[in-house]
Amino acid sequence: MSDIEMNLPFPLDDNGYFRRECPFCCKEFKVLLEKEELTDLAQKGLDSFMVETQEATNLDEDEHSEVEFTCPYCGQAAVSGNWWTQEQLAYISVVTKNIMAKIVNENLIRPLKRTSRKYGSGMISVQFEGKEMEQQEPWISPEVNDMKVYDLPCCQRKIKVEDGWASRVFCFFCGFPH
Ligand SMILES: [Zn+2]
Ligand SMILES: [Zn+2]
């Protein structure tokens, strides 16, 4: 599957922040990521969905070597694949299904249709009534400019937390409590 290059653009807010959701407390926050980090995340998201529908190869190995990130609110840590919002997951799922549909249509359905045309008029009639798998239009809401910026001097990075949040903030990147 590594030869599949897919463009998976995620909406960012006007300051370039990307929405995340904690898998433990389910609160949302945003992180300011480098372009490469975002591309890498998107690719990993797609890969994980692809892997799920096939055999789970090397998944354990990957998880152990992966860096953990910390929730700014509750301070619990998880690897990068656990921070998708529900909407982002639904979006990745549609994009993944489209990729699968494309693979099936191009490699299975269309060649079979060609075969049936070729031999269809002879004594032996090969009929293939396969329908191509449909593709859905992936959709995700545009990002709004909510939440307040929080500086993380420990890692010299920035995140955005809920406006009303007055308790301590854990660094998403290193887990340091501020
Ligand atoms: Zn949390
Ligand atoms: Zn930090």
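What comes next concerns the included structure. Because the structure is predicted, anything quoted here is derived from the model rather than measured.

## A closer look at the packing of aromatic side chains
So, step 1. Tallying each qualifying case throughout the model produces 12 aromatic pairs.
So, step 2. When the centroid spacing of 4.6 Å and the interplanar angle of 75° are considered together, the rings of Tyr73 and Trp165 count as edge-to-face. Of the two residues, Tyr73 sits in the loop between β3 (68–70) and β4 (77–79) while Trp165 sits in the segment after β6 (157–161), which places them 92 residues apart along the sequence. As far as the burial class goes, Tyr73 and Trp165 line up, both buried.
So, step 3. Centre to centre, the rings of Trp83 and Phe172 are 5.4 Å apart; their planes meet at 80°, and the pair counts as edge-to-face. Of this pair, Trp83 sits in the loop between β4 and α3 (86–119) while Phe172 sits in the segment after β6, and the two are 89 residues apart along the sequence.
So, step 4. Judged by relative accessible area, Trp83 falls into the buried class, the value being 0%.
So, step 5. With relative accessibility at 4%, the residue Phe172 sits in the buried group.
So, step 6. Among the aromatic residues, those joined into a ring-pair cluster are Phe29, Phe69, Tyr73, Trp83, Trp165, Phe172 and Phe173.
So, step 7. A cation sits over an aromatic face here: Lys27 above Tyr73, 5.5 Å from the ring centre.

Definitions and limits used
- Residue positions are given per chain, counting from 1 as you read along its sequence in written order.
- Starting at A for chains and at 1 for ligands, labels are handed out in the order in which the entities are written.
- Only residues with pLDDT of 70 or above have their local features reported here, since the model is predicted, and side-chain atom pairs are shown and tallied only from 80 upward, although totals for entire chains, interfaces and linings are computed over all residues.
- With hydrogens and water stripped out, all remaining heavy atoms of the structure feed into the side-chain values.
- Working definition: rings of Phe, Tyr and Trp (its six-membered ring) pair if their centres are within 6.5 Å, and the pair is stacked with planes under 30 degrees apart, edge-to-face with planes over 60 apart, and tilted otherwise.
- Here a strand is any run of E in DSSP of at least two residues, a helix any run of H or I of at least four, and the numbering for each starts at the N terminus.
- Buried residues are those whose accessible area, probed at 1.4 Å on protein chains only, stays under 20% of the maximum for their type, while exposed residues exceed 50% and partly exposed ones sit between those limits.
- Geometrically, a lysine NZ or arginine CZ counts as sitting over a ring once it is within 6 Å of the ring centre and also within 35 degrees of the ring normal.

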